[in-house]
Amino acid sequence: MRAGLYQALQSAFRAANISWAECEHEDRGDGALILAPANMTKGPFVEDLPAALVGALLEHNRTHRAEEQVRLRMALHAGEINYDDHGVTGSAINLAFRLLDAAALRTGLAESSGVLAIIVSSWFFDEVVRHSRRGNPADYQPVSVVVKETTATAWLHLPDRRPAGAPDPTGATEPDPRLRGRDQVLTRLQRAAHAARAGRFTLALVTGEPGIGKSALAQAIGRTLGAEGWTVAWGACPEREGSPAGQPWAAVLQGLAGRFPSPALAGELAPLLDDHATLHAADDVPAARFRLRSAVSHYLAAVVRAAPLLLVLDDLHHADGEALALLVHLAADLATMPALVLATYRPTEVDEQLADALASLARKEPEHVHLTGLDTEAVGDLMRELCARPIADDIVAAIARRTEGNPFFVREVARLLETDGEHAAIGDVPQSVRHIVRRRVARLSAPAQSALYHAAVIGRDFTLDVLAAVTGMGTDDLIECLDPALRAGLLVEPPHAATRSLRFAHSLVSDTLYHDISRLRRTGLHARVGAAMERLGPHDAVVLAHHWGAAQAPDAAAKAARYLRLAAEQAERRYAHREAAGLWQQAVLSYAHAPGATVRDRLELLIGAIRCLSTAGEHGAARGLRDDALAEVVGLRDAELTARVIVAYEAHGLWPHHAAGKNPEKLVELIDRTLRELPPLRRHLRCRLLAALAIELEQTDDVRGELASLEAVVLARQLGAPGFLATALNARFRRSYWTSTLAEREQIAAELFALGRDHGLVTIEATGRQALLRCACGRGDFARADEHAAETERLADTYDLPIAAATVSLYQGLRHTLAGRFGDAERAHQHAGELISRVGCADAEQGFFPIAPLTLGWWTGKLADLVDFCAAAYSRWPTTGTEAYALTLATAGRLDEAHAVAARRPPVPRDIRFKIVMALRGMVGLALHDHHRLAEAYQALRPMEDEIAGGDTGGFAVLFPVAQLLGDLADRLGQPQSASAHYLKAKEVAERADVPLWMAAAREALARTITRSKPYRAW
Ligand SMILES: Nc1ncnc2c1ncn2[C@@H]1O[C@H](COP(=O)(O)OP(=O)(O)OP(=O)(O)O)[C@@H](O)[C@H]1O
Ligand SMILES: [Mg+2]
């Protein structure tokens, strides 16, 4: 800790431009005595050192555990000192130590939300603080200090204590804007706050166009609630310059860390706070993601225990998908806690993921405040506040009309009016807020304008050192020349910022300036900004990627690719895989323009992109990109790299995603060849390759698929890693339809499930559950299936697993169907279809298409209506479509056409579709008196007598007990005795399944065979 303290002190001294080397230092255990030589200027000790020290301490605290956190008391005094044998002495030294010990200073720090408390002697205050050019004496308050029986006055300053409720630096735009015309909405928000305070997580959504006052309103409510003792935390989502994934939460946690230290900040929450943690591939992303989300909830729940919490999430339309998901998660976890989340966004910039999040949050019945323009009276108040000169009512009315009461617009017009007069403000009228901004900037000196344009390239926030480097001006000159821009309100000084930084008053200002610079100039400037930031660092990878990505310089593309990669890895650490996939893909694009780019490096970027797309469930895109990568990797003749590209896409689960591949045969051959060429020691890769091969061959009778799945399981058992065994068993399950019985398959499912559950691999646990669900449905054991479905649903909800959710929805569709609620069934299937297509594996349906609607048609007695539908499907998928099409034609009485279609009897693949397609074949045989079909179906289905036709689909397409059909087939094949036995079995299965329709059908058929066989029976 001492080392940390000294490090913080030294870096603060450096930042404040005070020479540490010229000072003497005496170590005092948990503190230090620092003696500055008499000739050193004292100003910086109160002007620069406090902010620098706050910055250094926060930086230290951010990167250290709770027990190593540092908060500091500092006393400042000046006077004569002497040296004796024991060191330095003198009354000045004594006074400094008395001050440091003062109760006022101790309580000041204890009660402050900040990390630093300063006390200065009255001499120091009178001689230094009062005359300081940059310090503000009003920040100091007088306190009494007892010195040797007498009481002296000293001055206390808490540089980073937030005024009650004032927002975090990240959120503040102006120190204290007065809010006009918003009394009603403030009352509504206060009401929402009171509801929250009573112990109910409350969400308030503040929307409106740019500049309408969303952030200002949030700040105002922050101040009010802060004054009432609420804890206020800000999470802003920066815009053009790019923001790292998870940014609003990182900001919230950083803002709270000083006041609410917790070991979790350096532990489970580190991925959100530490930008440099190394990327460990998570064994199971949904589980790890859940842990991070829960850690945030736990931390905030602890914060809420101290006082009610206001969380402001500003500009939510810039938040990434995972940040939004975290909000949804939090809303559930903090449901009964006194927390108010106030989120602002521009309604015109709502994308799909924000819309989804808002839909999920709708259950919380958010308080929605849509801000519109201020009324004329409020516009007048605002104008008069900003203009010294009197303004006539008709001018106010004209401005209110022109600006439609947009406060930002009004402010700009008011300021123009102040400098240029009424005519300029409303006469030859700037048409838009951008015109006004330009006009106002044009009034500044040429160097100031130039500095502002340069600053706009840096972004809405910029530091003086980066701007100095980009413009070539000195920082003092910059301060001098930007001062008018500050006074004109084009720039603001963000309160509490530790470094010397400035901010454009609004993004509309920086955006206007930015877009006024020609593209050609911008590209050059971005390169300068990127270089300056790199030199002066540290900066976010995303920000550097933004600048180098927009830059024109020889090495810009390579640098952009490098930072994009870093940003992608950071997004992966924060489980924002969709964002990460986008960043990896951008890195690929940038790298394409990098001189000296190599195929190998490009492939590394592609592997990252494929991995993230696959984890994000974007199967179609992942497979497409893998095809591209494979086309490049083959030329290298590098088996290991090829294998890594192949297994970069890995989809755990039961759905086939095949159709997305461009050339499946070529892929199979490539995997096969890679398996042969792979060095023997690469057993992990081999295991995953084997699983990939089995899955690629899932729908073919190629025996290599069978062998690969078996070998993968054996190898995985040898390797002893649960993740590999899961991959192998998953492949084995999918392959097992070709060769295994339902009972054998159920064993694999059970092992898969147990593996996931025992090792905390949520994806595997859910896959195992779904496999068990399918097996239970296949047997018609719906009581068991109900249990599996309920557990699958729990996993899907907790861990955000869309495919598992789709499985549950399909199963619910089946339950509706069995109970005769066909409308509900259709809706459930539709919902499942939406979930599936959203994660990009819409082609999963193709394996079953057109069977699902067909089975529903069978249940509803409307098969004949599906002729056209099946005709279309038949032309696309002849294998699965022949029987369906022939059956609907026959049912519609179009026998000739049915016969024509049924002239072909394509082999039925023995995969998951087998039972249902074969059942359809039997039905066609019955309808068309097709002996070949009857015999084939009877033979094929006999071993499955105890099962349900279509049950394995887990609800996608379920018809009836196989035994029922076997009875009909046997009957038609002239085997009445067997038929009776089959019907008896059908009755048993129907009773087990507890499906009245099936029971009735079995009883009826049984009665029919018995009546018919009466003459032959002895009794
Ligand atoms: N009711 C108000 N009274 C006075 N000034 C206001 C009011 N509302 C907003 N302002 C001022 O107008 C400017 C723009 O407001 P603000 O930044 O809150 O807009 P915003 O809606 O957050 O815009 P954006 O969508 O770009 O984030 C700020 O300078 C703010 O202080
Ligand atoms: Mg805003």
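Residues numbered from 1 in each chain as written. Chains lettered and ligands numbered in written order. Predicted model: local features only at pLDDT ≥ 70, side-chain atom pairs only at ≥ 80, totals over all residues. Heavy atoms only, no water.

On to the site of ligand 1, then. Close to ligand 1 lie 23 residues, the nearest being Gly211, Lys214, Ala216, Arg346 and His506. At 2.6 Å from an oxygen atom of ligand 1 is found a side-chain nitrogen or oxygen belonging to Lys214. Within the complex, 97% of the 630 Å² of free accessible area of ligand 1 lies under protein. Listing elements by their share of the shell around ligand 1, those giving two or more residues are α8 (214-227) and α17 (407-420). Classifying every residue of the shell around ligand 1 by side-chain character gives nine nonpolar, five polar and nine charged. (Near = heavy atom within 4 Å. Polar contact = N/O pair within 3.5 Å; in protein donor to acceptor, adjacent residues only side chain to side chain. Areas by Shrake-Rupley, 256 points an atom, 1.4 Å probe, with all protein chains shown as cover. Helix = DSSP H or I, 4+ residues; strand = E, 2+ residues; numbered from the N terminus. Nonpolar A, V, L, I, M, F, W, Y, C, P; charged D, E, K, R; others polar.)

As a further point, take the packing of aromatic side chains. Counted according to the given criterion, the structure contains 14 aromatic pairs. When the ring of Trp858 is compared with that of Phe960, the centres are 5.1 Å apart and the planes differ by 75°; the resulting orientation is edge-to-face. Here Trp858, found in helix α40 (residues 851-860), pairs with Phe960, found in the loop between α45 (931-941) and α46 (962-972); they are 102 residues apart in sequence, far enough to count as distant. Since its relative accessible area comes to 7%, Phe960 is described here as buried. Taken together, Phe782, Trp858, Trp859, Phe960 and Trp998 form an aromatic cluster joined through their ring pairs. A cation over an aromatic ring shows up here: Arg522 above the ring of Tyr514, its NZ or CZ 4.5 Å from the ring centre. In this arrangement the basic side chain of Arg562 is found over the ring face of Tyr563, its NZ or CZ atom lying 5.1 Å from the centre. (Phe/Tyr/Trp six-rings, centres within 6.5 Å; stacked < 30°, edge-to-face > 60°. Buried < 20%, exposed > 50% of the residue type's maximum accessible area, 1.4 Å probe, protein only. Lys NZ or Arg CZ within 6 Å of the ring centre and 35° of its normal.)

As a further point, take the sheet that holds strand β16 (residues 501-504). An order of β14-β16-β15 is seen for the three strands of this open sheet, with the pairing classed as antiparallel. Single-partner strands in this sheet number two, and they are β14 (461-463) and β15 (491-492). With two bridges joining them, β15 and β16 adopt antiparallel strand pairing. Note on β16: the bridge partner recorded for Val492 is Arg503. Here helix α21 (residues 464-471) sits on the sheet in contact with β14 and β16, set at roughly 75° to β14. (Pairing = 2+ DSSP bridges. Contact = heavy atoms within 4.5 Å. Axes fitted to C-alpha atoms, helices over the stretch in contact; angles between N-to-C directions.)

This paragraph deals with the pairing of strand β2 (residues 32-35). Residues Leu33 and Leu35 point to one face of β2 and are all buried, whereas Ala32 and Ile34, pointing to the other face, are not buried. As consecutive antiparallel partners, strand β1 (residues 24-27) and β2 are separated by four residues, and within that stretch Gly29 has a phi angle of approximately 70°, a positive value.

For the structure shown, the criterion picks out 61 salt bridges. In this structure, Arg704 and Asp672 form a salt bridge, with 2.9 Å as the shortest nitrogen-oxygen distance. Here Arg704 is found in helix α33 (residues 703-719), whereas its partner Asp672 is found in helix α31 (residues 664-677), with 32 residues between them in sequence. A salt bridge links Glu677 to Arg673; its shortest N-O distance comes to 3.7 Å. Remark: Arg673 and Glu677 occur in helix α31; sequence separation between them is four residues, near one turn of the helix. Residues joined in a network through salt bridges with shared partners are Glu883, Arg905, Arg921, Asp930, Arg933 and Glu936. (Salt bridge = Lys/Arg side-chain N within 4 Å of Asp/Glu carboxyl O.)

Turning our attention to the environment of Asp375. Tracing the sequence through the fold places Asp375 in the loop between β13 (367-370) and α15 (376-386). For the pair Asp375 and Arg401, spaced 26 residues apart in the sequence, the C-alpha separation amounts to 9.5 Å.

Looking at the protein chain, the pLDDT average stands at 87 and 92% of residues meet or exceed 70. Element-level pLDDT for the protein chain is lowest in helix α18 (residues 422-427), with a mean of 64, against a maximum mean of 97 in strand β12 (residues 339-345). Every residue in residues 162-175 is under pLDDT 50, and counting partners more than four places away or in other chains gives 44 contacts. Counted against residues more than four places away or in other chains, residues 1014-1019, with its pLDDT under 50, gives two contacts. (pLDDT = per-residue confidence, 0-100.)

On the surface, a cluster of nonpolar side chains totalling about 270 Å² of accessible area is made up of Val703, Leu707 and Leu710. One can find Leu710 in helix α33. Relative accessible area serves as the criterion here: at 39%, Leu710 is assigned to the partly exposed category. (Patch = residues over 30% accessible without salt bridge, like charges linked within 9 Å, V, L, I, M, F, W, Y side chains within 5 Å.)

Right, let's get into the nonpolar core. A general trend in soluble globular proteins is that nonpolar side chains are found buried together. Core analysis: the largest hydrophobic core is formed by 145 residues, its most contacted members being Leu452, Phe462, Leu482 and Phe504. Of all hydrophobic cores here, the second largest spans 72 residues; its members include Leu818, Cys870, Met944 and Met999. (Core = buried A, V, L, I, M, F, W, Y, C linked by side-chain atoms within 4.5 Å.)

Strand-to-strand pairing in sheets goes through backbone hydrogen bonds, with the strands running parallel or antiparallel. If you walk across this open sheet you meet the five strands as β10-β11-β12-β9-β13, and the pairing is parallel. In this open sheet, the two edge strands, each paired with only one partner strand, are β10 (231-236) and β13. Taking the axes of each pair of neighbouring strands and ignoring which way they run, one obtains an average angle of 15° across the sheet.

So, on to the packing of helix α16 (residues 393-403) against α17. Running from amino to carboxyl end, α16 crosses α17 at an angle of 135°, the nearest separation of the two axes being 9 Å. With respect to α17, the axis of α16 lies oblique. In the crossing of α16 with α17, the sense of the turn from one axis to the other is right-handed. Contact residues: Ile395, Ile399, Arg402 and Thr403 in α16; Phe409, Val410, Val413 and Leu417 in α17. (Parallel < 35°, antiparallel > 145°, perpendicular 65-115°, else oblique. Left-handed = near helix turned anticlockwise from the far one by under 90°.)

By secondary structure assignment, the location of Asp781 is in the loop between α36 (762-779) and α37 (782-799). Judged by its relative accessible area of 17%, Asp781 is buried. Polar side-chain contacts of Asp781 include one of 3.3 Å to the backbone nitrogen of Arg784.

Let us look at the state of the cysteines. As enumerated under the stated definition, the model contains zero disulfides in all. For Cys775, which is in no disulfide, the shortest distance to another cysteine sulfur is to Cys777 and amounts to 9.3 Å. According to the relative accessible area criterion, Cys775 is buried, its value standing at 1%. A relative accessible area of 1% means that Cys777 is categorised as buried. (Disulfide = S-S within 2.5 Å.)

Turning to its location among the elements, Pro407 is positioned in helix α17. Expressed as a C-alpha distance, the spacing of Pro407 and Gly373, which sit 34 residues apart in the sequence, is 7.2 Å. Residues within four places of Pro407 in sequence aside, it is in contact with Arg182, Gly211, Ile212, Leu374 and Leu382.

With a phi angle near 60°, Asp315 is a residue other than glycine that sits in the positive phi range. Counting through the fold element by element, Asp315 comes out in the loop between β11 (309-314) and α13 (321-333). Not every positive phi belongs to a glycine, and Arg637 is a case in point at roughly 50°. Considering the arrangement of structural elements, one finds Arg637 in the loop between α29 (619-633) and α30 (639-648).

For the rest of this paragraph, the subject is helix α47 (residues 976-993). The terminal C-alpha atoms of α47 lie 25 Å apart, and with 18 residues this matches the ideal 26 Å at 1.5 Å per residue to within 8%. Within the sequence span of α47, burial applies to Ala979, Ser980, His982, Tyr983, Lys985, Ala986, Val989, Ala990 and Ala993. Immediately downstream of α47, the backbone of Asp994 shows phi near 60°, a positive value. (Expected span 1.5 Å × (residues − 1).)

Packing of α21 against helix α22 (residues 475-487) brings their axes to within 9 Å, and their N-to-C directions diverge by 100°. By the angle between their directions, the pair α21 and α22 is classed as roughly perpendicular. Contact residues: α21 offers Leu464, Asp465, Leu467, Ala468 and Thr471, while α22 offers Thr475, Leu478, Ile479 and Leu482. In the contact of α21 with α22, the residues fall into six nonpolar, two polar and one charged.

To continue, consider the side chain of Thr231. Note on placement: Thr231 falls in strand β10. The residues contacting Thr231, other than those within four sequence positions of it, are Leu256, Arg259, Phe260, Val303, Ala307, Pro308, Leu309 and Leu310.

What follows deals with the pairing of β12. For a regular strand, side chains alternate in direction, first toward one face of the sheet and then toward the other. Judged by how many residues are buried, β12 sits mostly within the fold: seven of seven residues are covered. Of the two faces of β12, the one lined by Ala339, Val341, Ala343 and Tyr345 and the one lined by Leu340, Leu342 and Thr344 are each fully buried. The sheet contact formed by strand β9 (residues 202-207) and β12 spans six bridges and is parallel. Within the sheet, the bridge partner assigned to Thr207 lies in β12 and is Tyr345. Here β11 runs beside β12; their pairing, made up of five bridges, is parallel. From the neighbouring strand, Leu313 faces β12, where its bridge partner is Ala343. Once you follow β11 into α13 and on to β12, the crossover reads as right-handed. (Right-handed = clockwise from strand over helix to strand, strands pointing away.)

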